[in-house]
Number of protein chains: 2
Amino acid sequence: MRRWTHCVVHPKKEPAIDALDPSVTVADIGEFALIDRSVRGRVHPPSTLLGPGDDAAVVAAPDGRVVATTDMLMQDKHFRLDWSSPRDIGRKAIAQNGADIAAMGARCTGFLVALGCPSSLSVSVVDELNEGMWEEAVRAGAAVVGGDVVGSTQLVISITALGDLEGRRPVLRSGARPGDVVALRGDSGRSAAGLALLEAGDVRFPELILSHRVPQPHYESGPAAAIAGATSMADISDGLVADLTHIAEASGVDVDLDSEVLTPSDELNSAAESLGLDALQWILTGGEDHALVGTFPSTATLPDGWRRIGRVTGGGGSVTVEGRPVEGTPGWTSF
Amino acid sequence: MRRWTHCVVHPKKEPAIDALDPSVTVADIGEFALIDRSVRGRVHPPSTLLGPGDDAAVVAAPDGRVVATTDMLMQDKHFRLDWSSPRDIGRKAIAQNGADIAAMGARCTGFLVALGCPSSLSVSVVDELNEGMWEEAVRAGAAVVGGDVVGSTQLVISITALGDLEGRRPVLRSGARPGDVVALRGDSGRSAAGLALLEAGDVRFPELILSHRVPQPHYESGPAAAIAGATSMADISDGLVADLTHIAEASGVDVDLDSEVLTPSDELNSAAESLGLDALQWILTGGEDHALVGTFPSTATLPDGWRRIGRVTGGGGSVTVEGRPVEGTPGWTSF
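Residues numbered from 1 in each chain as written. Chains lettered and ligands numbered in written order. Predicted model: local features only at pLDDT ≥ 70, side-chain atom pairs only at ≥ 80, totals over all residues. Heavy atoms only, no water.

A. Region of the structure containing the overall build of chain A. Helix and strand content of chain A: 9 helices and 14 strands. Its C-alpha atoms give chain A a radius of gyration of 21 Å, near enough to 20 Å, the size a compact globule of 335 residues would have. By its C-alpha atoms, chain A is 60 × 50 × 30 Å across when sized along the principal axes. Counting across all 335 residues of chain A, residues that qualify as buried make up 63%. (Helix = DSSP H or I, 4+ residues; strand = E, 2+ residues; numbered from the N terminus. Rg over C-alpha atoms; globule rule 2.2 N^0.38 Å. Buried < 20%, exposed > 50% of the residue type's maximum accessible area, 1.4 Å probe, protein only.)

Put into structure tokens, the structure is as follows:
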């Protein structure tokens, strides 16, 4: 076991690492060299007060609080090396954690990465994972500030994301109130469609497959929603209806979706027809899009990119579409 | 995949969970129930501003910075379920992360736990892991504020620890200066002795075995060292000489240890004799004690519990004992 934080701190603008022959394994170069390749030449934003190289990192928390969340991704359960490039897997690992920070109305300030690698793993896979993680961390406005590398029987990636609320109250799941508007930022169903295409070995609709491989959260839309007065928010990791059910249950309200949210794009419809599947199901129950869903007072102006998809009513934790339960979800009876 | 942060927030003083029959597996009760058992009835300290139940936790960071570190523990590599109880494994997982926070001179403010569990794992193992993690988190002055549970082929525990510097500068590895005193807080070698006893199936010396199973960092001694003016600090995870070498290299100094630090206790000597091993090697090169080692100006008064073990000289990253390289370490030629 060698922590990233054990390695010597490098000047921030050292030359980047050289690519290695793909036959070189993690066991060949050892953990210290692996760590060195992870941290060398990286440029940190001002929020990284102390980066890799010591027992721990130090990250700015300007308003005296830090938002923190963690997600673990397991090979062949959350990702497949034959379906996604290591770079895409790295991006997705950071994205799904960063989306949780955004869903609190916060901005990302740092990521920590713990990596379990089989000793036979090619170093080039780890290099690409790191590239992807850094790429997405920068997209989220932050950096990879620390980590750990250990031996493992399967590839496992555990990420912790940190964030800053900029003086605002966190936007909880429990704040939705009857009369609020339900709004969505981003797309729902595209990741599920991409997964179904990969499972079917169907290489058409590359954009949908890309949506599964690399979800692209709108990080800035979380703080924007908070500023606009969002009363509740979540990121869509389990599915639109499932995550709205969490909000409905936590808030003690019902959510009724407008039927127009059920209108799939031509692309989704074509993919569904090609596979003999239902595009509506993807939209309502497909997970991993990491779009943001939230509720706003009816008087609020929705921030850029957010669109109304329904409304909050008094009730007890159910989600319906035009008053009807949704097929394939816990409340389903018929649709 | 279900994040702890997805579960409903429970009142802090709900009745604790009931014990389940050990034959009940993780797959039997499912991930939501598993998460529920992890968070129900827990009492959080004031530093937990928002605990489990939302997309992310919120933790106090009073001075506008947060210290953060992560370590991953893998079954059969970092722990064995036939050598340690799940409770002890949980304690150790938190302890080794908390010790990293202390080694920066900071106080622990929160822990996040990502857990990968085989579906056949007994729920009672997870319950005991959680008990151990909570027990040690409380010992460290903090709480488990969030987490994630996923399916896995082997048990894997990934912890992130957060800490507060209380307005002080972090104590880095790079601050040791010639003339400084080297001091140790805690014991070195006991964990290695315990591991050797477990490997040999020798059940005598239960206190040494306990030291391996449950390292007991002196969390409060990290901030105390910082207040006393420590110029550098690290926790001993890789071994006394290895971790002092990190300090020597980062600071551009040499470290020379006093020979009296080489005097093993009667207990260590007896265990070593019984196994035909060398107690000195345990002290110098054994890891996982999670004692703290640091350097202080020669004029500083060492805080309670710290004892002088050597001195810093000008040089280039070597660690010696009375001027001689140490056997079994990178600089070794003879001893």
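B. Looking closely at the pattern of salt bridges. Evaluation of the coordinates by the stated rule reveals 36 salt bridges over all chains. When the shortest N-O distance is used, the salt bridge between D82 of chain B and R80 of chain B registers 2.8 Å. For R139 of chain B, the salt bridge goes to E136 of chain B, with nearest N and O atoms at 2.6 Å. Taken together, the residues span about one helical turn, with R139 of chain B and E136 of chain B both in helix 3 (residues 123-139) at a distance of 3 residues. Judged by relative accessible area, which is 37%, R139 of chain B ranks as partly exposed. The class of E136 of chain B is buried, set by a relative accessible area of 0%. Where salt bridges share partners, they join R87, R91, E135, E136 and R139 of chain A into one cluster. (Salt bridge = Lys/Arg side-chain N within 4 Å of Asp/Glu carboxyl O.)

C. How the structure looks around the pairing of strand 3 (residues 57-60) of chain A. All names here are of chain A. Here strand 3 shows a buried face lined by A57 and V59 and a second buried face lined by V58 and A60. Sheet analysis places strand 2 (residues 48-50) next to strand 3, joined by 2 bridges and oriented antiparallel. Counted as the bridge partner of T48 is V59 from strand 3. Between strand 2 and strand 3, which pair antiparallel in sequence order, lie 6 residues; one of them, G53, sits at a positive phi of approximately 135 degrees. (Pairing = 2+ DSSP bridges.)

D. Geometry of the environment of A114 of chain B. When you line up the elements, A114 of chain B lands in strand 5 (residues 107-117). C-alpha of A114 of chain B to C-alpha of F296 of chain B: the two residues are 182 residues apart in sequence and 36 Å apart in space. If we ignore the near neighbours within four places in the chain, the residues touching A114 of chain B are T70, M72 and S158 of chain A together with D148, V156, I157 and S158 of chain B. (Contact = heavy atoms within 4.5 Å.)

E. Quick look at the UniProt feature "domain: PurM-like C-terminal" (unreviewed entry) in chain A. Here, UniProt's "domain: PurM-like C-terminal" (unreviewed entry) annotation points to residues 177-273 of chain A. What you have in residues 177-273 of chain A is 47% helix and 14% strand, and the ends, taken at the C-alpha atoms, are 38 Å apart. (UniProt positions renumbered as here; feature names shortened; annotations may be inferred.)

F. Structural context of the UniProt feature "domain: PurM-like N-terminal" (unreviewed entry) in chain A. Mapped onto this numbering, the UniProt entry annotates "domain: PurM-like N-terminal" (unreviewed entry) at residues 53-163 of chain A. Counted over residues 53-163 of chain A, helix gives 31% and strand 37%. Its end C-alpha atoms are 21 Å apart.

G. Summary view of the relation of the copies chain B and chain A. Superposing chain B onto chain A takes a rotation of 180 degrees combined with a translation of 0.0 Å along the rotation axis, leaving an RMSD of 0.0 Å. Taken together, the turn and the small shift mark the pair as related by a two-fold rotation axis. Judged by C-alpha distance, G64 of chain B is the residue of chain B that lies nearest the rotation axis, at 2.3 Å. Looking at chain B, 100% of its interface residues are interface residues in chain A too, so the copies touch through the same face. (Least-squares fit on C-alpha atoms with pLDDT ≥ 70 in both.)

H. Spatial organisation of the side chain of T109 of chain B. Residues and elements named next belong to chain B. Tracing the chain through its elements places T109 in strand 5. Using a relative accessible area of 7% as the deciding quantity, one classes T109 as buried. Once residues within four sequence positions are removed from consideration, T109 is found in contact with S47, V59, A60, A142, L162, G163 and D164.

I. Broad picture of the domain arrangement of chain A. Residues and elements named next belong to chain A. For chain A, the domain assignment lists domain 1 (2-164) and domain 2 (173-325). The interface is formed by 20 residues belonging to domain 1 together with 20 residues belonging to domain 2. The three residues of domain 1 that bury the most area against domain 2 are W83, K92 and R139, which together make up 34% of that side's buried surface. Remark: the boundary between domain 1 and domain 2 carries 1 salt bridge. The interface formed by domain 1 and domain 2 contains 4 residue pairs in polar contact (both at pLDDT 80 or more). (Domains from an automatic or database assignment. Buried area = accessible area lost by both parts, 1.4 Å probe. Polar contact = N/O pair within 3.5 Å; in protein donor to acceptor, adjacent residues only side chain to side chain.)

J. Spatial organisation of the packing of helix 4 (residues 190-200) of chain B against helix 5 (residues 206-213) of chain B. Residues and elements named next belong to chain B. Running from N to C, helix 4 and helix 5 cross one another at 105 degrees; their axes reach a closest spacing of 7 Å. Taken as axis vectors, helix 4 and helix 5 run roughly perpendicular relative to one another. In contact with R190, S191, A193, G194, L195, L197 and L198 of helix 4, helix 5 contributes E207, L208, I209, S211, H212 and R213. Its residues assigned to classes, the contact of helix 4 with helix 5 comprises 6 nonpolar, 4 polar and 3 charged. (Axes fitted to C-alpha atoms, helices over the stretch in contact; angles between N-to-C directions. Parallel < 35°, antiparallel > 145°, perpendicular 65-115°, else oblique. Nonpolar A, V, L, I, M, F, W, Y, C, P; charged D, E, K, R; others polar.)

K. Geometry of the environment of S119 of chain A. Residue and element names in this part refer to chain A. If you trace the backbone, S119 turns up in the loop between strand 5 (107-117) and helix 3 (123-139). Its relative accessible area of 47% is what places S119 among the partly exposed residues. Spatially, the C-alpha atoms of S119 and E31 are 9.8 Å apart, while their sequence positions differ by 88 residues. In contact with S119, other than residues within four places in its own chain, are T25, V26 and A27.

L. Just the sheet that holds strand 13 (residues 319-321) of chain A, in detail. Residue and element names in this part refer to chain A. Across the sheet, 7 strands lie side by side as 9-11-8-12-10-13-14; this open sheet has mixed pairing. The sheet is open, and its two borders are formed by strand 9 (232-235) and strand 14 (324-325), each paired with just one other strand. Note that strand 10 (residues 253-257) and strand 13 share 3 bridges and pair parallel. Of the residues in strand 13, the one forming a bridge with V255 is V319. Across the face of the sheet, helix 2 (residues 86-102) comes into contact with strand 9 and strand 11 (292-296) while running at roughly 180 degrees to strand 9. Contacts from helix 7 (residues 240-251) reach strand 8 (181-185), strand 9, strand 10, strand 11, strand 12 (306-314) and strand 13 within the one sheet, and its direction differs from that of strand 10 by about 150 degrees.

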